[in-house]
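Chains, contacts and geometry: an overview
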Amino acid sequence: MRRIYLSIILIGFTTFVKAQTYTVTDLEQQFLEKNYVLIAGKYNIAKADAEIVQEKLWPNPTLNISEVNLWKTYQIEEQPFLFGNYGNNQQISIELEQLFETAGKRKKRVAIKQLEKNSAVFNFEELMRHLKKELRVNYYTLNKIQTEETLLNSIVDLFTQMNSQYERQAALKNIPTAEFYRVQTELIGLQKEKIELEKQKTESLNKMRLLTQNPSLKISQIVFSDLPFVSKQIPLNLNDQAKDNNIGLQRQLNETSIAQNQLKLEKALRTPDLTFQVNYDRGGNIMRDFVGVGVSFDLPVLNTKKGAIKAAKHNIDQQITQQQVLETELTSTVNTLQEQLQLMNQSLKNWSDIKTTEQEQMIENYKKHLKNKQITLIEFIDFTQAFREAQQAYLELLENYHHTVEELNYLTGQEL
């Protein structure tokens, strides 16, 4: 009975493992939850929030205690005791100062810190979009490799069988040895391609594992069945969407706002701050206990912030110029990608009319023709090579199509 229970548990566990599959949505969810680069990026936003809180605080008041004599002084005017029987020969001066910033300097610095927080948010958003694009691009690449590997394996199996047959026939002197060598050479070339494809698959799978922080992920667990060619409808206002949602342009607009607020702060710094004082002096004046108030401020004579203001203006011009450059580059890139997408879209539509199953059946027919000596070995090999090249070209075109769509999604911030 114990063995039966163990068998049931083992079968159930095996079934669960086999059922553990991931769609692209599942992979993205793992990526968002576990990717350490994203988690680290969130701390920059929290850090910026803390800096805003800090910038809102007033400067601490200053307490100054001076003119204290720690020894007993004689030949002075008699004074009352400070406490108990102590202090009738001591002098002390206490001053309390508080700085009051003028011209809204504190509010202007807070505004700059809030814009700097926006920069941290934009940096995080850009990082997330970039890594998400990398995940999807890698997903489509794995799909292409998986499909190409399936096709290649079928051709390798075919030539492996042919290699055994031709080797046996060549040994029996039924066919020329050159034909056996030709089949063997083709098989070696196919096996070399298989090794290279396996290397590409390993690299792409390791990248996917790194992005999702799932080290046990296997390509057999990834669902690719939802990847037929689907024509994407490109919005007419895609350039406008790109300008509104492109993270690089938004960040540059924020940098321009920071520069403008920095200019406001530099102009405000021309206005002197006020430091108010309240002081108490015991035994240091003609009054025994003196309490007074005062104010101090800088005289804006030697430093009127002209250089800092001029530099801030130049920074604004620089940021505006950079913004215009980014807008031009963004428009050009989006237009180029749209044109490429339209061309690939049309090619893939035409390609979808070609029936792959009929082409695969033709391989079997050619194999029969070869066996019946209706075609030569060279003609058979040429056909299989042409078939594989056509399939590879289609898979590469489909992969590039998906990659182009993801690049547009990244640039425009929209899902096409």
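For the structure given in this document, a descriptive report is provided here.

Analysis parameters
- Residues numbered from 1 in each chain as written.
- Predicted model: local features only at pLDDT ≥ 70, side-chain atom pairs only at ≥ 80, totals over all residues.
- Heavy atoms only, no water.
- Helix = DSSP H or I, 4+ residues; strand = E, 2+ residues; numbered from the N terminus.
- Expected span 1.5 Å × (residues − 1).
- Buried < 20%, exposed > 50% of the residue type's maximum accessible area, 1.4 Å probe, protein only.
- Arc of directions from axis to C-beta.
- Contact = heavy atoms within 4.5 Å.
- Polar contact = N/O pair within 3.5 Å; in protein donor to acceptor, adjacent residues only side chain to side chain.
- Patch = residues over 30% accessible without salt bridge, like charges linked within 9 Å, V, L, I, M, F, W, Y side chains within 5 Å.
- Areas by Shrake-Rupley, 256 points an atom, 1.4 Å probe, with all protein chains shown as cover.
- Salt bridge = Lys/Arg side-chain N within 4 Å of Asp/Glu carboxyl O.
- Axes fitted to C-alpha atoms, helices over the stretch in contact; angles between N-to-C directions.
- Parallel < 35°, antiparallel > 145°, perpendicular 65-115°, else oblique.
- Nonpolar A, V, L, I, M, F, W, Y, C, P; charged D, E, K, R; others polar.
- Pairing = 2+ DSSP bridges.

To continue, consider helix H3 (residues 36-56). Taking 1.5 Å of rise per residue, 21 residues should cover 30 Å, and H3 covers 31 Å from first to last C-alpha, within 8% of that figure. The set of residues buried in H3 consists of Leu38, Gly41, Ile45, Ala48, Ile52 and Glu55. One side of H3 holds all its buried residues, which, seen down the axis, span an arc of 90 degrees. Exposed residues pointing more than 90 degrees away from the buried face of H3 are listed as Tyr36, Tyr43, Lys47, Val53 and Gln54. Check the buried side of H3 and you find it contacts helix H2 (24-34) and helix H4 (105-171). Measuring from the side-chain oxygen of the N-cap residue of H3 to the backbone nitrogen of Val37 gives 3.0 Å; that N-cap residue is Asn35.

Turning our attention to a nonpolar patch on the surface. There is a patch of nonpolar side chains on the surface, built from Leu63, Ile65, Val68, Leu70, Trp71, Leu96, Val278, Val291 and Val293 and spanning about 990 Å² of accessible area. Counting through the fold element by element, Val291 comes out in strand E4 (residues 289-296).

The subject of this paragraph is the packing of H4 against helix H10 (residues 377-412). Interaxial distance between H4 and H10 falls to 9 Å at its minimum, and their mutual angle equals 170 degrees. Judged on the interaxial angle alone, H10 and H4 are roughly antiparallel. Tallied by class, residues from the contact of H4 with H10 come to 15 nonpolar, nine polar and eleven charged.

Looking now at the pairing of strand E2 (residues 92-100). Relative to E2, strand E1 (residues 62-66) is paired through five bridges, and the arrangement is antiparallel. Bridge pairing links Ser66 to Ser93 in E2. Judged from the nine bridges that link them, E2 and strand E3 (residues 274-282) form a sheet pairing that is antiparallel. Opposite Gln98, over in E3, you have Phe276 as the bridge partner.

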